[in-house]
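# Descriptive analysis of the structure
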Amino acid sequence: MFSVTPVASTTATLGSTTGTTTSSGIVSSGPVGSGNVARHQFLIMLNTMETCRTNLDTLCSQVERDLSTLTEKLDSPSSQKLQACLAELKQSTSEQLQRLLDSGLDHLTTTVIRTHVKSVLQPLVAVRYDLTEDDLDLNAINDPWVEACVTELENFVKPFRIVLSNGNNDRLVSVLTTELVRRIESLIQRKTYSRFGAVQLEKEMRYLFAYLSGITYTTLRDHFTRLLQICNLLNLDKVYNIIGRRVVLCTLFYLLPGCTARLFVCKV
């Protein structure tokens, strides 16, 4: 009865509307003017779809309340037709709006976010973690990568935050965090760690977690659970510490035995 016709150009033109990221982390949309306008319109469209879905839920709730007072005055077939229309409105239309919103965010991830994450984490590739105590003290003065990473991330998300609704901004930060964590986990498992290097890594992960948590209204703790557990493992001196400390065991359920073994091989 009700339907939503997907906008044909929603994802087809997304690559050109979102553009690419510059070395400073700011989103660039190609030619000045038209590209920026197209990107702005795309973000507004995401907001519009979210607002439509929210308003639709509000409308359905109000109609349900009104129907509860009218059904006694209507015959059974009429009441059933109204209920069927309402169910179609809630399920079909709302679901299609959500799919459009998810599709836009997914395409934003593949065309912009994933590329930027790879770029912003490139300095981490060369960072060493087989540190001495002197190295750790030096890193406290001259941070090797994470502070610059946070600066670039802020430059990246700021143009989006200005335009996007709170809900869509939270979705953007969640997707960005997922991509960051996946890339970081892949990189840190290729390195070797001293006791001081493990301390350095944990400081960096908590610094990054604090920044990302500060730019969203939703919790990101689940996103960082595995990374923080990896830090816990690397800070253990010996394998038997896992068995001997129940509190540690209780926090390692996200890590498979194979992953745990690989991490201990990284210890020097």
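Residues numbered from 1 in each chain as written. Predicted model: local features only at pLDDT ≥ 70, side-chain atom pairs only at ≥ 80, totals over all residues. Heavy atoms only, no water.

On to the overall build of the chain. Helix and strand content of the chain: 13 helices and two strands. Counting across all 268 residues of the chain, residues that qualify as buried make up 42%. Residue pairs in contact within the chain that sit at least 24 positions apart in sequence constitute 77% of those at least 6 positions apart. Accessible surface for the chain amounts to roughly 14,500 Å². Of this, 57% is attributable to carbon and sulfur atoms. (Helix = DSSP H or I, 4+ residues; strand = E, 2+ residues; numbered from the N terminus. Buried < 20%, exposed > 50% of the residue type's maximum accessible area, 1.4 Å probe, protein only. Contact = heavy atoms within 4.5 Å. Areas by Shrake-Rupley, 256 points an atom, 1.4 Å probe, with all protein chains shown as cover.)

Let us look at helix α9 (residues 195-213). With 19 residues, α9 should cover 27 Å at 1.5 Å per step; its first-to-last C-alpha distance of 27 Å lies within 8% of that length. Looking only at α9, the buried set comprises Phe-196, Gly-197, Ala-198, Gln-200, Leu-201, Glu-202, Glu-204, Met-205, Leu-208, Phe-209, Tyr-211 and Leu-212. If you follow the buried residues of α9, they end up packed against α6 (133-141), α7 (146-163), α8 (166-188) and α10 (221-234). (Expected span 1.5 Å × (residues − 1).)

Moving on, we come to the packing of aromatic side chains. Two measures describe an aromatic ring pair: the distance that separates the ring centres and the angle between the ring planes. With the rule as written, the count across this model stands at three aromatic pairs. Taking the ring centre of Phe-196 as reference, the NZ or CZ of Arg-195 above it sits at 4.7 Å. (Phe/Tyr/Trp six-rings, centres within 6.5 Å; stacked < 30°, edge-to-face > 60°. Lys NZ or Arg CZ within 6 Å of the ring centre and 35° of its normal.)

Taken over all residues, the pLDDT of the chain has a mean of 79, while the share at 70 or more is 73%. Across residues 1-32, where pLDDT falls below 50, the model places 67 contacts with residues more than four positions away in sequence or in other chains. In the predicted structure, residues 239-256 sits below a pLDDT of 50 and forms 25 contacts with residues beyond four places in sequence or in another chain. (pLDDT = per-residue confidence, 0-100.)

Another aspect to go through is the packing of α6 against α9. If you want to describe how two helices pack, look at the angle between their axes and the distance between the axes. Contact pair α6 / α9: the axes reach a minimum separation of 9 Å and the direction vectors enclose 20 degrees. Comparing the axis directions of α6 and α9 gives the class roughly parallel. In this structure, the crossing between α6 and α9 has a hand that is right-handed. Counting all contacts with α6, which are made through Glu-133, Leu-136, Asn-139 and Ala-140, the residues of α9 involved are Phe-196, Val-199, Gln-200 and Lys-203. Residue classes in the contact of α6 with α9 are distributed as four nonpolar, two polar and two charged. (Axes fitted to C-alpha atoms, helices over the stretch in contact; angles between N-to-C directions. Parallel < 35°, antiparallel > 145°, perpendicular 65-115°, else oblique. Left-handed = near helix turned anticlockwise from the far one by under 90°. Nonpolar A, V, L, I, M, F, W, Y, C, P; charged D, E, K, R; others polar.)

Here Arg-190 lies in the loop between α8 and α9. Residue Arg-190 is classed as exposed on the basis of its relative accessible area, which comes to 59%.

All right, on to the packing of α8 against α9 then. The geometry of α8 relative to α9 is characterised by a closest axis approach of 11 Å and an angle of 170 degrees between their N-to-C directions. Considering their axes alone, α8 and α9 lie roughly antiparallel with respect to each other. Two secondary-structure elements touch here, α8 through Val-173, Thr-177, Leu-180, Ile-184 and Ile-188 and α9 through Leu-201, Met-205, Leu-208 and Leu-212. Grouping the amino acids of the contact of α8 with α9 by side-chain chemistry returns eight nonpolar, one polar and no charged.

Formed by 50 residues in total, the largest nonpolar core has its most connected members in Leu-121, Trp-145, Ile-184 and Leu-208. Those elements giving two or more residues to this core turn out to be α3 (34-70), α4 (76-120), α7, α8, α9 and α10. Filtering out sequence-adjacent residues up to four positions away, Ile-184 remains in contact with Leu-121, Leu-124, Trp-145, Met-205, Leu-208 and Leu-227. With six residues, the next largest nonpolar core counts Leu-67, Leu-86, Leu-89 and Leu-97 among its residues. (Core = buried A, V, L, I, M, F, W, Y, C linked by side-chain atoms within 4.5 Å.)

This part covers the pattern of salt bridges. Within the structure shown, the criterion is met by eight salt bridges. With its nearest N and O atoms 3.9 Å apart, the salt bridge here joins Arg-53 to Asp-57. Pair noted here: Arg-53 and Asp-57 are both in helix α3, with a separation of four residues, about one helical turn. Two residues, Arg-161 and Glu-154, come together in a salt bridge whose shortest N-O distance is 2.4 Å. (Salt bridge = Lys/Arg side-chain N within 4 Å of Asp/Glu carboxyl O.)

The next thing to look at is the side chain of Thr-177. Summarising the element assignment, Thr-177 is placed in helix α8. Judged by relative accessible area, Thr-177 falls into the buried class, the value being 0%. From its side chain, Thr-177 meets the backbone oxygen of Val-173 in a polar contact 2.7 Å long. Apart from the residues within four sequence positions on either side, Thr-177 is in contact with Leu-212, Leu-220, His-223 and Phe-224. (Polar contact = N/O pair within 3.5 Å; in protein donor to acceptor, adjacent residues only side chain to side chain.)

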